[in-house]
Amino acid sequence: MSTSSSSRGEYWFSLLTAGAEQRQGPCASIRVADAELEGQPVRFIAVVPDANNHYPRAARGEVGLLEGWTLAQVVSEAVAADVGKAQKRAIVAVIDVPSQAYGRREEAFGIHQALAGAAGAYAKARLAGHPVIGLIVGKAMSGAFLAHGYQANRLIAFNDAGVMIHAMGKESAARITLRSVEALEKLAATIPPMAYDIEHYSSLGLLEQLLDIRDPLQASEQELNLVRHSVVQAIAKTRSEGVGLTNRLGADNRHSSSLVRERMRAEW
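Residues numbered from 1 in each chain as written. Predicted model: local features only at pLDDT ≥ 70, side-chain atom pairs only at ≥ 80, totals over all residues. Heavy atoms only, no water.

An unreviewed UniProt entry lists the protein under the name Biotin-independent malonate decarboxylase subunit gamma, with Serratia fonticola as the source organism.

Right under this line is the structure:
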């Protein structure tokens, strides 16, 4: 199944919202549409490349100043519109973000506040009873992932070499740790939190599901239905189990995280 797109995020957003009316916002790099999945309302949100972005550092799908504040706006609008409703709409973040936008203007104009605003809006939506699902179809890197998707109740990712989740790129991490990229990769193979591949990330217990998609930019109808069904299942589990994130702490590689939390609760 093909559709014109410039990124995985844009491609999957277009597939999942086919036929739905997309809203026009102040930021062309943020795509928003309200659609239905198996009869229930869903707001889909994606960050996509915009070659004409007012801030060049955010032209390739990065999350910058405009993106951060616009994400906060479109999420907050959904929360405000559903106040008092018995069933709040789900919010699905389609995630393919290579980084936050690095630049002097971004730093001077407060990119930390813009990204915090986006993360805060997603958190408030989750705590207000909106099932928030993160669908990771490409890269989920650095502050961009924290702003767009990491606050989700549940994360679903493609089991694909092009899917990468980490705090920083390999070259940057190598410089910080005073290693070569090759030495960093060798070390990361033995320490799951340092690894870049999705299999190691999955071992941390942070993913709800890994989906096998043969070609993430050329999906079959069967694969599209698989993604839709997985999102619907994640929404249903979220509605039944509540707004917390304790589902992320069950894996063996998160044992220490669970222990720290237990001891902190005991102290307080």
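1. Let's talk about the pattern of salt bridges
Here is the rule we go by: Each salt bridge in this description consists of a side-chain nitrogen of Lys or Arg and a carboxyl oxygen of Asp or Glu lying within 4 Å of one another. Type-normalised accessible area, obtained with a 1.4 Å probe on protein chains alone, sets the label of each residue: buried when under 20%, exposed when over 50%, and partly exposed for intermediate values. The numbering of helices and of strands both runs from the N terminus, where a helix is a DSSP run of H or I of at least 4 residues and a strand a run of E of at least 2.
Taken as a whole and assessed by the stated rule, the structure comprises 12 salt bridges. For the salt bridge of Arg-43 with Asp-34, the shortest nitrogen-to-oxygen distance reads 2.9 Å. Among the residues examined, Arg-43 registers a relative accessible area of 7% and is labelled buried. Between Asp-34 and Arg-89 there is a salt bridge, and its shortest N-O distance comes to 3.3 Å. Separated by 55 residues along the polypeptide, Asp-34 in strand β1 (residues 30–37) and Arg-89 in the loop between α2 (65–81) and β3 (90–97) bring together distant segments of the chain. Residue Arg-89 is classed as buried on the basis of its relative accessible area of 12%. When salt bridges that share partners are traced, they join Asp-34, Arg-43, Asp-82, Lys-85 and Arg-89 into one network.

2. Re α2
Put simply, the rule is: By this rule, a helix spans an expected 1.5 Å times one less than how many residues it contains. Residue contacts are defined here by distance: any two heavy atoms, one from each residue, within 4.5 Å place the two residues in contact.
Under the 1.5 Å per step criterion, the end-to-end length of α2 is 25 Å for 17 residues, consistent within 8% with the ideal 24 Å. Those residues of α2 lying buried are Leu-65, Glu-67, Gly-68, Thr-70, Leu-71, Ala-72, Val-74, Val-75, Ala-78 and Val-79. Considering only its buried residues, α2 is in contact with β1, β2 (40–47), β3, α3 (104–108), α4 (111–127) and α5 (142–147).

3. Notes on the pairing of strand β5 (residues 154–158)
Here is the rule: The pairing criterion for strands is at least two bridges between them, as found by DSSP.
The buried fraction of β5 is high, at five of five residues. Burial along β5 is two-sided: the residues Arg-154, Ile-156 and Phe-158 and Leu-155 and Ala-157 are all buried. Two elements, strand β4 (residues 132–141) and β5, share four bridges in a ladder whose sense is parallel. The partner of Ile-133 across the bridge, within β5, is Arg-154.

4. Focus on the packing of helix α1 (residues 8–16) against helix α9 (residues 221–241)
The condition is simple: Only the stretch in contact is used when fitting a helix axis, every axis being a line fitted to C-alpha atoms; angles between N-to-C directions are given from 0 to 180 degrees. An angle below 35 degrees is read as roughly parallel, one above 145 as roughly antiparallel, one from 65 to 115 as roughly perpendicular, and any other as oblique. Each residue receives one of three labels: charged for Asp, Glu, Lys and Arg, nonpolar for Ala, Val, Leu, Ile, Met, Phe, Trp, Tyr, Cys and Pro, and polar for the others, Gly being one of them.
Direction vectors running N to C along α1 and α9 enclose 80°, while the axes themselves pass 11 Å from each other. Judged by the angle between their axes, α1 and α9 are roughly perpendicular. Here Trp-12, Leu-15 and Leu-16 of α1 lie close against α9, whose contacting residues are Leu-224, Val-227 and Arg-228. Its residues assigned to classes, the contact of α1 with α9 shows five nonpolar, no polar and one charged.

5. Re unusual backbone geometry
Negative phi characterises most residues that are not glycine, and trans characterises most peptide bonds. Positive phi values are uncommon outside glycine, yet Glu-38 reaches one of about 50°. Within the fold, Glu-38 resides in the loop between β1 and β2.

6. Notes on the packing of aromatic side chains
The line we're drawing: Paired rings are identified among Phe, Tyr and Trp, the last through its six-membered ring, by centres lying within 6.5 Å, and are further divided according to the angle between planes into stacked (under 30 degrees), edge-to-face (over 60) and tilted (the rest). Think of it as a cone above the ring: NZ of Lys or CZ of Arg counts as a charge over the ring if it is within 6 Å of the ring centre and within 35 degrees of the ring normal.
According to the stated counting rule, one finds three aromatic pairs in the structure shown. Taken together, a centroid distance of 5.0 Å and an interplanar angle of 70° make the contact between Trp-12 and Phe-158 edge-to-face. Note that Trp-12 is positioned in helix α1 and Phe-158 in strand β5, a separation of 146 residues in sequence. The two residues Trp-12 and Phe-158 agree in class, both being buried. With a centroid separation of 5.2 Å and an interplanar angle of 70°, the aromatic rings of Phe-145 and Tyr-150 are classed as edge-to-face. Since its relative accessible area comes to 27%, Tyr-150 is described here as partly exposed. One cation-aromatic arrangement involves Arg-248 over Tyr-150; the distance from NZ or CZ to the ring centre is 4.7 Å.

7. Some thoughts on the nonpolar core
Within soluble globular proteins, side chains that are nonpolar generally end up buried alongside one another. The criterion, for reference: Among buried residues, the Ala, Val, Leu, Ile, Met, Phe, Trp, Tyr and Cys ones that are joined through side-chain atoms within 4.5 Å form a nonpolar core.
One finds Trp-12, Phe-44, Ile-45, Ile-136, Phe-158, Tyr-201 and Val-227 to be the most contacted residues of the largest nonpolar core, which totals 72 residues. For Phe-44, the contacting residues outside a window of four places in its chain are Phe-13, Leu-16, Thr-17, Arg-31, Val-32, Ala-33, Ala-35, Leu-37, Val-92 and Val-94.

8. Here we look at the environment of Leu-15
Within the element layout of this structure, Leu-15 appears in helix α1. In this structure Leu-15 comes out as buried when scored by relative accessible area, which is 6%. Along the chain, Leu-15 and Ala-219 lie 204 residues apart, while their C-alpha atoms are 9.1 Å from each other.

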